[in-house]
Structures are given as C-alpha cells and as structure tokens.
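A look at the structure
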Amino acid sequence: MPGYEKIMNKAALRLTPISALIELTYRCNLSCRHCYILPAQLHPKSFSPKSSLTLKQWANIFTQLAESGTLFLTFTGGETLLYPNFLELLKIAREQRFAFRIFTNGTLITRETVKKLSRLNPFEVEISVYAANPNIHDLITGMEGSFELTWKAIRLLKNEGIKVNLKTPVMTLNQKEIKPLRDLARDLDVLIQFSYVLSPRDDGNPAPLKLQLKTREIRAGLSRENDSESCPDLTPNPDRRPADPICAAGRNSLAISPDGKVYPCVQIRRQAGDLRKKKFAEIWRKSPVLQELRKMTMARVPECLSCRYLGFCSLCPGMSLTLSNEIAKPYRPSCELARARAGKIKKAG
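Residues numbered from 1 in each chain as written. Predicted model: local features only at pLDDT ≥ 70, side-chain atom pairs only at ≥ 80, totals over all residues. Heavy atoms only, no water.

Our next topic: the sheet that holds strand β9 (residues 273–274). On the basis of which strands lie adjacent, the open sheet formed by 9 strands has the order β6-β5-β4-β3-β2-β1-β7-β8-β9 and mixed pairing. Of all the strands in the sheet, the pair left with one neighbour each is β6 (191–195) and β9. Pairing analysis gives 2 bridges linking strand β7 (residues 253–256) to strand β8 (residues 261–263), with the strands arranged antiparallel. Residue pairing for β8: alanine 255 is matched across the bridge by tyrosine 263. (Pairing = 2+ DSSP bridges. Helix = DSSP H or I, 4+ residues; strand = E, 2+ residues; numbered from the N terminus.)

Shown next as structure tokens:
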C-alpha cells in the first residue's frame, strides 16, 4: 500500500503517533504452540479487573490519542472478543472517528456478533489460520473444533461484506499447508498472507522457535509463492543507510497494554509510561525510553549494516531484545528468512 506507507513515513519524520496497537487482554481461549504471550497470562481465568482498563478509561485514552494525531487503531489480544463489552468499545472508537482493524482467532464470532460488527464498519478483520487440514489446525491451536469455528467466522464476515484478511505463520507443523490454504482463501475470495518468522515469548523463552523453519525450508516455501501481496516476504526492503532509524516503533506507532502501559511496540517491552498516571502527550514527548529509541540508527547494528542480505531482511530489533536482551543484535530467524528471500528473488530475476 504505497499511499499508506507514505503516510506512515511522513508521520515517523514528524514523530506523530499515527497508529496505535491496543492490547485489550492477554487472555485467550486457544493455546497456540507458537504464541509469544506467556501461558499464565493466556488462561481465560487469569482476568482481573485491576489488570484491565474499563470502557471509560479506554474512551479517555482514545480522546488523548486523537488529540495527538492518531488515526489508526489495531485491536489485539490474546483474543479480543474476551474483553468485556468488546463491541461497545469498538463503538466508542468509531464515535471518535478512528479507522480500526481487529485481530482475532475467530472462534468466538457468532452471526449476531457479525451483524453488530458490520454496523461499526471496521477497516478489516484479520484472522489467524494455520491449515486447511482440521487436524493440523487444531493441533497448533490446542483446541479441538477450532478449525470449524474459525472458518465459519470467516464465511460469516465475508457474507456480511466485512473485509477479511487471513494470516498464516508458516512453521514445521504446517509447512505443507500453503497451497491448500491458498486454494481455500481463493475459493472465499479473501486475501491470505504467509509469514516465515516466529517470535520468542515475551519473557525471552525461545520455546516457539523450535517450530521455526530452516533456511532451505523457508526457500522451499517461498518457491511456491509468486505474489508479494500474499507473501510480503517476497518484497525487497529499501536500502538502509547508517543514519536511518533502526525502526519506526516509538516514532509513528506504539502499543498500549491491557493495564494502560505504553510501549514502543509489542516486541519492545520497555515501558515508556503508564496512562493511569500520566497523559499520553506527556509520555509521547518526554519518555526517556522513546527518546532513546528515536536516537537509535542503523549505525548501532554494524553487523546488520554490512550484511549482504540486509536489503532482504525484515530486521526487528524488538525480537532481538526479547530473545537476547540486546536491541542492537541480529535476530537469527530473520537472518534465515533474508537468505531465503535473496535466493528466491535472485532466481526469479
């Protein structure tokens, strides 16, 4: 989306928080094997009113974000529909004229939910799918019957005219499901996107990385792709210079946790401020965490800057920070992907 990217780049230069990711809850009704959220937080019974903002508190935060220039909200979890009064919260966001999208696993979506959601006109709903084979999908989610519930939700949303995008992290458990999933998505006329890099858990536990594909396996997966829209990993990144920002987190975007903590993004879990104690504008302007991150340039990662595969790399300092507690260090799964992308693009050329 060239127009969207242009807006985001301009916002980064002006330090305008144009996009905010809203983590409504860490709870989830699934137990996906590759999830980066801590298992104790995912449990549906882990909810505590003290650890979750109320509708009134979120409404106040939305007002502050709008005043600071935010246009786009992304609602995520955990599972977003486990947040109490979720649809009422979306109504508040719509009344404040935000464009918003929703991340969900789809299993809790009903016909009634879809009817109400259509009146709120979300920009899009993104749903995670893992396989065209129900057994493989349910194996990954840890919930029997999740395949049927998820695909039923996709059809309900599509039939109601709501834009649906499907997302599939490709891993050892589902690497043979790319073509069958693409066929399913084509039959429903919805976009599906495949990604090849997994994240460690928020506490640095590398357990999800046991499912990460090797370079040759990623290359095999990419060889079946011919569309950069369905596989963003096929699109080369622009050249990076030493003075370029290391990433846009904390420059044009941010994340807010269920209890109102502000972070540069969901991977960079360095608290920039607490919205229960300070106004957003003050945090955005004065937070030492954000100010430090904004000063970081590619010169801080010389190993990456000199890498022959840098133009193919989805460099993410947040993932490096989570895994090794060092932000200026290569994230090896991204290195694997970069080498595979380079081979694919070179062969295509």
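Here helix α6 (residues 134–141) crosses helix α7 (residues 146–159) at 100 degrees, and the two axes come no closer than 8 Å. It follows from the interaxial angle that α6 and α7 lie roughly perpendicular. Judged by residue contacts, Pro134, His137, Asp138 and Thr141 of α6 engage Ser146, Phe147 and Thr150 from α7. The residue makeup of the contact of α6 with α7, split by class, is 2 nonpolar, 4 polar and 1 charged. (Axes fitted to C-alpha atoms, helices over the stretch in contact; angles between N-to-C directions. Parallel < 35°, antiparallel > 145°, perpendicular 65-115°, else oblique. Contact = heavy atoms within 4.5 Å. Nonpolar A, V, L, I, M, F, W, Y, C, P; charged D, E, K, R; others polar.)

Within the secondary structure, arginine 27 is located in the loop between β1 (19–23) and α2 (39–42). In this structure arginine 27 is buried but unpaired, with glutamate 79 as the nearest side chain of opposite charge at 10 Å. There is a polar contact of 2.5 Å between the side chain of arginine 27 and the backbone oxygen of leucine 82. (Buried < 20%, exposed > 50% of the residue type's maximum accessible area, 1.4 Å probe, protein only. Lys, Arg positive; Asp, Glu negative; His and termini not counted. Salt bridge = Lys/Arg side-chain N within 4 Å of Asp/Glu carboxyl O. Polar contact = N/O pair within 3.5 Å; in protein donor to acceptor, adjacent residues only side chain to side chain.)

Among the residues making up helix α8 (residues 178–188), those that are buried are Ile178, Leu181, Ala185 and Leu188. Projected down its long axis, α8 carries its buried residues within an arc of 95 degrees, all on one side. Across α8 from its buried face, at more than 90 degrees, point the exposed residues Arg186 and Asp187. Looking at the packing, one finds that the buried side of α8 touches α7, β5 (164–169), β6 and α9 (215–223). Remark: aspartate 189 follows α8 within two positions and exhibits a positive phi of approximately 60 degrees. (Arc of directions from axis to C-beta.)

With 4 of 5 residues buried, strand β2 (residues 72–76) is to be regarded as a mostly interior element. As defined by bridge partners, β1 adjoins β2 across 5 bridges and the pair is classed as parallel. In the strand pairing of β2, isoleucine 22 is matched with phenylalanine 75. Bridge count between β2 and strand β3 (residues 99–104): 4 bridges; the pairing is parallel. Residue pairing across strands places leucine 73 opposite phenylalanine 100, the latter belonging to β3. On the question of chirality, the crossover connecting β2 to the parallel β3 by way of helix α4 (residues 86–95) is right-handed. (Right-handed = clockwise from strand over helix to strand, strands pointing away.)

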